[in-house]
Every structure is written in structure tokens, then in C-alpha cells.
Amino acid sequence: MQTRKITAACLVLIWSIELTLLAAVRGEEGMYVGGTITNVPEATEGRIDTKNEEKLIFNSDKGGFEIPYKSITSLEYGEKAGRRVGVAIVITVWALFSKKRKHFLTVGYTDKDNKPQGVVLEIPKGRAKSVITIIEARSGKKVEYESNEAKEHVHG
């Protein structure tokens with residue numbers, strides 16, 4: 001009986017770890033992956049707001065930043081697909097053959113002192129096209145795609 005309880009507890013723990021590791025940003029959420037912003041920690045989840053016509057805004061509980069569209073100098077988009085080998089060894093064979101796709105937008109810009117800066121944002125899968133279209137229109141810059149697959153994801 002004790003063995004069953006321990007086994008059940010281990011399975012629940014492994015399942016919850018798998019859900020955490022397989023998660024990607026979704027819905028309206030995004031993530032500041034990293035860059036030259038110092039007031040927001042790397043890997044901070046928050047909201048990518050493109051509603052303001054003058055600036056791209058990122059807000060989170062840990063801080064935020066604004067990038068005026070007119071200061072954007074470059075845009076790059078790519079998908080990172082990584083095999084989850086570590087998860088597969090512990091969890092299931094299924095995880096080894098599945099891909100976790102993340103959608104990254106790198107924004108290069110100049111700050112108020114005219115110094116080059118950059119941020120990498122993870123964009124939710126369903127928002128890549130709209131976010132990129134808005135930023136391109138407001139900044140006057142075109143996105144460079146890391147691959148044809150990334151371009152197809154956005155433009156179909």
C-alpha cells in the first residue's frame with residue numbers, strides 16, 4: 001500500500017514537471033528573453049502591447065520597458081525548435097519525438113543617447129503575425145526571417 005502511494009506521488013510530480021517544461025508563452029502573454037534592458041530580469045513573462053501607436057510596450061510584475069517605433073533599426077524573427085531529450089529520458093518516449101516551438105522576435109533600436117540596444121522577445125504562437133505586422137507598419141522596418149519555415153509560419 002505504501003509503495004502505491006509513493007508511486008502515485010512520483011507520477012504526479014513527474015506529470016507536473018512535464019507540464020512546466022513543455023509550456024510556452026500563450027495568449028496575450030510574451031516573454032522578455034534577454035537583451036540590453038537592465039530593469040527587467042531575463043526570462044520575464046509579461047504582456048507585449050502593440051496598441052500604442054508611438055511605442056512598443058512590455059509590462060510585467062517585475063518591470064517593463066518601452067521602445068519608440070521610430071527608434072527601431074532592425075527586426076529579426078525565428079522559431080527555435082528543440083528536442084526535449086532530458087524530459088524524454090525521465091518522462092516518456094513521446095516527448096523525444098515532439099518538438100517545442102518558440103517564436104522569437106529580436107528588436108534592434110537606438111536609445112535616447114543614440115546608442116544601439118536590443119531585446120529578444122518570445123511571442124505567443126498565435127500572435128506572431130499580428131505583432132510583426134504592427135511593428136513593421138509603425139517602424140517602417142521589415143522583418144528578416146531566420147528561415148523559410150519561420151517566414152511561412154508568419155505569412156502562411
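Everything discussed here concerns the structure shown above.
Residue positions within a chain follow its written sequence, with the count starting from 1. Per-residue local features are limited, in this predicted model, to residues with pLDDT of at least 70; the limit for side-chain atom pairs, both in listing and counting, is 80 or more; totals at the level of whole chains, interfaces and linings are taken over all residues. Values reported for side chains reflect all heavy atoms of the structure, with hydrogen atoms and water molecules removed beforehand.

Caption draft 1: The packing of aromatic side chains, seen in detail. Two aromatic rings from Phe, Tyr or Trp, using only the six-membered ring of Trp, form a pair when their centres are within 6.5 Å; if the ring planes differ by under 30 degrees the pair is stacked, by over 60 it is edge-to-face, and anything between is tilted. All told, the structure shown has four aromatic pairs when counted by the stated rule. With 6.5 Å between their ring centres and 50° between their planes, Tyr32 and Phe58 make a pair best called tilted. Taken together, the residues span a long stretch of sequence, with Tyr32 in strand S1 (residues 29-35) and Phe58 in strand S3 (residues 55-60) at a distance of 26 residues. Phe58 sits in the buried class, given a relative accessible area of 2%. Note on Tyr32 and Phe65: the rings are 5.4 Å apart at their centroids and 65° apart in plane angle, and the pair reads as edge-to-face. Within this pair, whereas Tyr32 is found in strand S1, its partner Phe65 is found in strand S4 (residues 63-68), the two being separated by 33 residues in sequence. Take Tyr32 and Phe65: they sit in the same class, and that class is buried. An aromatic cluster is defined as three or more aromatic residues linked by ring pairs; in this entry it consists of Tyr32, Phe58 and Phe65. The numbering of helices and of strands both runs from the N terminus, where a helix is a DSSP run of H or I of at least 4 residues and a strand a run of E of at least 2. Each residue is assigned to one of three classes by its accessible area relative to the maximum for its type, calculated with a 1.4 Å probe on protein chains only: buried under 20%, partly exposed between the two thresholds, exposed over 50%.

Caption draft 2: Expanded view of the pattern of salt bridges. Between Lys or Arg on one side and Asp or Glu on the other, a salt bridge is scored when a side-chain nitrogen of the former is within 4 Å of a carboxyl oxygen of the latter. Under the criterion given, the structure shown has one salt bridge. Two residues, Lys55 and Glu66, come together in a salt bridge whose shortest N-O distance is 3.1 Å. Linking Lys55 in strand S3 with Glu66 in strand S4, this pair joins segments that are 11 residues apart in sequence.

Caption draft 3: Geometry of the side chain of Ser71. Summarising the element assignment, Ser71 is placed in the loop between S4 and strand S5 (72-83). Contacts are assigned to residue pairs with any non-hydrogen atoms lying within 4.5 Å of each other. Contact partners of Ser71, with chain neighbours within four places excluded, come to Gly108, Tyr109 and Thr110.

Caption draft 4: Broad picture of helix H4 (residues 128-139). To estimate how far a helix should reach, multiply one less than its number of residues by 1.5 Å. Between its terminal C-alpha atoms H4 stretches 16 Å, which fits the 16 Å expected from 12 residues at 1.5 Å a residue. All buried positions along H4 are accounted for by Ala128, Val131, Ile132, Ile135, Glu136 and Ser139. Buried residues of H4, viewed axially, fall in a sector of 125°; they line one side. What the arc covers is the set of directions going from the helix axis to the C-beta atoms.

Caption draft 5: Broad picture of the environment of Lys142. Position of Lys142 among the secondary structure elements: in the loop between H4 and strand S8 (143-145). Accessibility expressed as a relative area gives 64% for Lys142, which makes it exposed. Remark: the alpha-carbon pair of Lys142 and Leu75, spanning 67 residues in sequence, is separated by 6.7 Å. With residues near it in sequence (within four places) discarded, Lys142 still touches Leu75 and Glu136.

Caption draft 6: Quick look at the pairing of S3. At least two bridges found by DSSP between two strands is the condition for calling them paired. Relative to S3, strand S2 (residues 44-49) is paired through three bridges, and the arrangement is antiparallel. Residue Arg47 lies in a different strand from S3, and its bridge partner there is Asn59. What sits between S2 and S3 in their antiparallel hairpin is a turn of five residues. Judged from the six bridges that link them, S3 and S4 form a sheet pairing that is antiparallel. Within S4, the residue paired with Phe58 across the bridge is Phe65. In this antiparallel pair of consecutive strands, S3 and S4, the connection spans two residues.

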